[in-house]
Amino acid sequence: MTTTATPDTVVDYETLADRFRPIFDRIAAGASTREQEHRLPHDEIRELAAAGFGAVRVPVAFGGAGATLPQLFRLLTELAAADSNIPQALRGHFALVEDRLVGRSGERDAWLERFGRGEIAGNSWTEVGAVQIGDVITKVTPQPDGTFRITGQKYYSTGSIFADWIDTYAERTDTGERVIAIVDAHQPGVTHGDDWDGFGQRTTGSGTSTFTDAVVQADAVIPFDDRFKYQTAYYQAVLLTVLAGSVLAAEREIALQVRNRNRVFSHGNADTFAADPQILQVVGEVSAAGFAAAAIVDRAAEALQSAYEGAALDEAEDERRNDRAELATAQAQVALTSLATTATSHLFDALAASGVSTTKNLDRHWRNARTAGSHNPWVFKARIIGDHAVNGVEPPRVWAIGATRRA
C-alpha cells in the first residue's frame, strides 16, 4: 500500500517497516528475559531512535519519514508484538511529535529538527497524591531572564526515564494558565523513579518524575488550549497497539508451543498436539483475534488521520472529525480490551498445565493486555458510546483524574 504522507513525499509501508523489522526481531528475542529480570529497555529504545523510529511521523525535510498515522500505528502494533512495553514507553514521545506537527504555538520547526535527530520525549501529566480532580499542583514560574522554573511531582510518567525531553502538564504561577512545559530531562532538577508496581507492562519505565526548580525555556511553555485536538484519542490509540500486539505475540507463542510439543493426552484426538483438531481450533481462534485486533487499530488510526487532515478544513468539519476520532478510539477500546484479554487467556487452553510455567513466562501477554486495558476505564467509555448512539451526545475529548471534591 502506498499512501501520501506529506505534500512532498510518498511512503510505502513495507519499505518503511523493513527498516525496523530486524530491530523488532532483536527486541522480541529479549522481551521475556527483560521482564523477568526487570531490565528496562534503554538500549532497545536508543537503537530504535538511532534508526529513525521516533521520527517516522516527522516530515522528510526535518529528517523523518513523513509517515501517515495508519502507518505509524501499524508499526507500533508490530513493535508491540515484539515487546508491548516499548510502544507504551514511547507513547508520550509520539504524542509530542504529533502536537509539534499541528500545534498552534511554540517553535514547530526547531522541535521537529530535534526529533529528526533522534531525540526522544517522555510523558508526565498525572499528579501524585490526593490532589482534587481538576487541580494542578505542578507549577511553572517565570524568571527575570525570560526562562521558567518548574516544581512538582508526577506519577505514571511513562517513558520519561528514557527521554531527552519531558512533556509535562503544569500551571503558570503568574496567570493560572494550564500549560505544557517541555522539560529538558538532562538537568540536576529532574529525577525519575522506576516505581510502577503493576503486574503487567513492567518495563515501560513508568513511575514518579520529580521536578525541583528545573529550568524550562520560554518557547517550551505552550498553552494547553493550543494542544492538538485529538490528543486523548491519540493516547488511547497507542494503548490499542499494546492490546493488539499482545494478541499477536500470544498467537506467535501458542503456534510455536503447539508445534514443538511432544506430550499428548490419551483422551485427545491425534498422535501430536500439532495434528489435534481441537487444539488447532484454539490456535485458530487466537489467530483470528489477532487479525481482528490489528484491523481495529487500523480503523482507529484512519479516524485519527482524518482528524489530522481536518485542521486544514473549516472549523465545523474539523470539530466533527475530532469527535469521530474520539468516538472511534473509544469504540475500539471497548471491543479490543475484551478481545485481547480473552485471546491471551485462551492461549493456555491449548497448552495445558505446562503452559503456566514461570520459566516460559507466557502469562506476560495476558498480564500486559489486562494492564493496558485498565487505563482510561472502558466502562466509562462504553457509557459514553451508548449516550452518543441513543442521544447524539458527543464524547468528551479531555478529562482528568483526582480526588472527589467535597463541600
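Residues numbered from 1 in each chain as written. Predicted model: local features only at pLDDT ≥ 70, side-chain atom pairs only at ≥ 80, totals over all residues. Heavy atoms only, no water.

The subject of this paragraph is the overall build of the chain. When helices and strands are tallied, the chain shows 11 helices and 11 strands. Taking 22 Å as the expected radius of gyration for a compact globule of 407 residues, we find that the chain reaches 22 Å, a close match to that expectation. Along the first, second and third principal axes, the C-alpha atoms of the chain reach 80 × 50 × 45 Å. Expressed as a percentage of its 407 residues, the buried residues of the chain come to 53%. Summarising the internal contacts of the chain: among those between residues at least 6 apart in sequence, 74% fall at separations of at least 24. (Helix = DSSP H or I, 4+ residues; strand = E, 2+ residues; numbered from the N terminus. Rg over C-alpha atoms; globule rule 2.2 N^0.38 Å. Buried < 20%, exposed > 50% of the residue type's maximum accessible area, 1.4 Å probe, protein only. Contact = heavy atoms within 4.5 Å.)

As a further point, take the packing of aromatic side chains. In total, this model carries 17 aromatic pairs according to the counting rule given. Ring centres of Phe24 and Phe53 lie 5.8 Å apart, and the angle between their planes is 85 degrees; on these two criteria the pair is classed as edge-to-face. Of this pair, Phe24 sits in helix 1 (residues 13–37) while Phe53 sits in the loop between helix 2 (42–50) and helix 3 (69–82), and the two are 29 residues apart along the sequence. Per residue, the accessibility class of Phe24 equals that of Phe53, and both read buried. Seen in terms of ring centroids, Phe228 and Tyr234 are 5.7 Å apart; in terms of plane orientation they differ by 90 degrees. Their pairing is edge-to-face. Taking relative accessible area as the criterion, Phe228 reaches 2% and is therefore assigned buried. Residue classification places Tyr234 among the buried residues on the basis of a relative accessible area of 0%. Cluster of aromatic residues (ring-pair linked, three or more members): Phe20, Phe24, Phe53 and Phe94. Directly above the aromatic system of Tyr13 lies the positively charged group of Arg74, at a separation of 3.9 Å from the ring centroid. (Phe/Tyr/Trp six-rings, centres within 6.5 Å; stacked < 30°, edge-to-face > 60°. Lys NZ or Arg CZ within 6 Å of the ring centre and 35° of its normal.)

Looking at the secondary structure, you find Ile166 in strand 7 (residues 165–172). Under the relative-accessibility criterion, Ile166 is labelled buried at 0%. With 20 residues separating them along the chain, Ile166 and His186 place their C-alpha atoms 9.9 Å apart. When residues no more than four places from it in sequence are discounted, the contact partners of Ile166 are Gly122, Asn123, Ser124, Ser160, Ala181, Ile182, Val183, Ala185, Val190, His192 and Phe211.

Under the UniProt annotation, "domain: Acyl-CoA dehydrogenase C-terminal" (unreviewed entry) lies at residues 258–376. With 66% helix and 0% strand, residues 258–376 has end C-alpha atoms that lie 35 Å from one another. (UniProt positions renumbered as here; feature names shortened; annotations may be inferred.)

Burial along strand 3 (residues 121–124) is two-sided: Ala121 and Asn123 and Gly122 and Ser124, pointing in opposite directions, are all buried. By the bridge criterion, 4 bridges tie strand 3 to strand 7 in an arrangement that is parallel. Bridge assignment links Ser124 to a residue of strand 7, and that residue is Thr168. (Pairing = 2+ DSSP bridges.)

What follows concerns the packing of helix 3 against helix 7 (residues 231–260). Interhelical geometry of helix 3 versus helix 7 gives an angle of 45 degrees and a closest axis separation of 7 Å. Classed by the angle they form, the pair helix 3 and helix 7 counts as oblique. The crossing of helix 3 and helix 7 is right-handed. Residues Leu69, Leu72, Phe73, Leu76, Thr77, Ala80 and Ala81 of helix 3 lie in contact with helix 7, whose contacting residues are Tyr234, Ala237, Val238, Thr241, Val242, Ala244, Gly245, Ser246, Leu248, Ala249 and Arg252. Its residues placed into classes, the contact of helix 3 with helix 7 shows 13 nonpolar, 4 polar and 1 charged. (Axes fitted to C-alpha atoms, helices over the stretch in contact; angles between N-to-C directions. Parallel < 35°, antiparallel > 145°, perpendicular 65-115°, else oblique. Left-handed = near helix turned anticlockwise from the far one by under 90°. Nonpolar A, V, L, I, M, F, W, Y, C, P; charged D, E, K, R; others polar.)

This brings us to the side chain of Gln236. Secondary-structure assignment places Gln236 in helix 7. When its relative accessible area of 2% is taken as the criterion, Gln236 is described as buried.

Residues apart from glycine generally show negative phi values, whereas peptide bonds are mostly found in trans. Positive phi is not limited to glycine here, since Tyr156 has a value of about 50 degrees. Take Tyr156: it is sitting in the loop between strand 6 (148–155) and strand 7. Backbone geometry at Ala352 places phi at a positive 60 degrees, although glycine is not the residue there. Structurally, the position occupied by Ala352 is in the loop between helix 9 (315–346) and helix 10 (363–372). The partly exposed category is assigned to Ala352, whose relative accessible area is 28%.

Within the secondary structure layout, Glu37 lies in helix 1. Judged by its relative accessible area of 53%, Glu37 falls in the exposed class. For the pair Glu37 and Thr203, spaced 166 residues apart in the sequence, the C-alpha separation amounts to 9.7 Å.

Packed helix pairs are characterised by how far apart their axes lie and by the angle those axes make with each other. One way to put it is that helix 7 packs onto helix 9 with a least axis distance of 9 Å and a crossing angle of 25 degrees. As judged from the angle between their axes, helix 7 and helix 9 are roughly parallel. Crossing angle aside, the handedness with which helix 7 passes helix 9 is left-handed. Only Ala325, Glu326, Thr329, Ala332, Gln333, Leu336, Thr337, Ala340, Ala343 and Thr344 of helix 9 make contact with helix 7, whose side of the interface consists of Thr232, Ala233, Gln236, Ala237, Leu240, Leu243, Ala244, Ser246, Val247 and Ala250. Tallied by class, residues from the contact of helix 7 with helix 9 come to 12 nonpolar, 7 polar and 1 charged.

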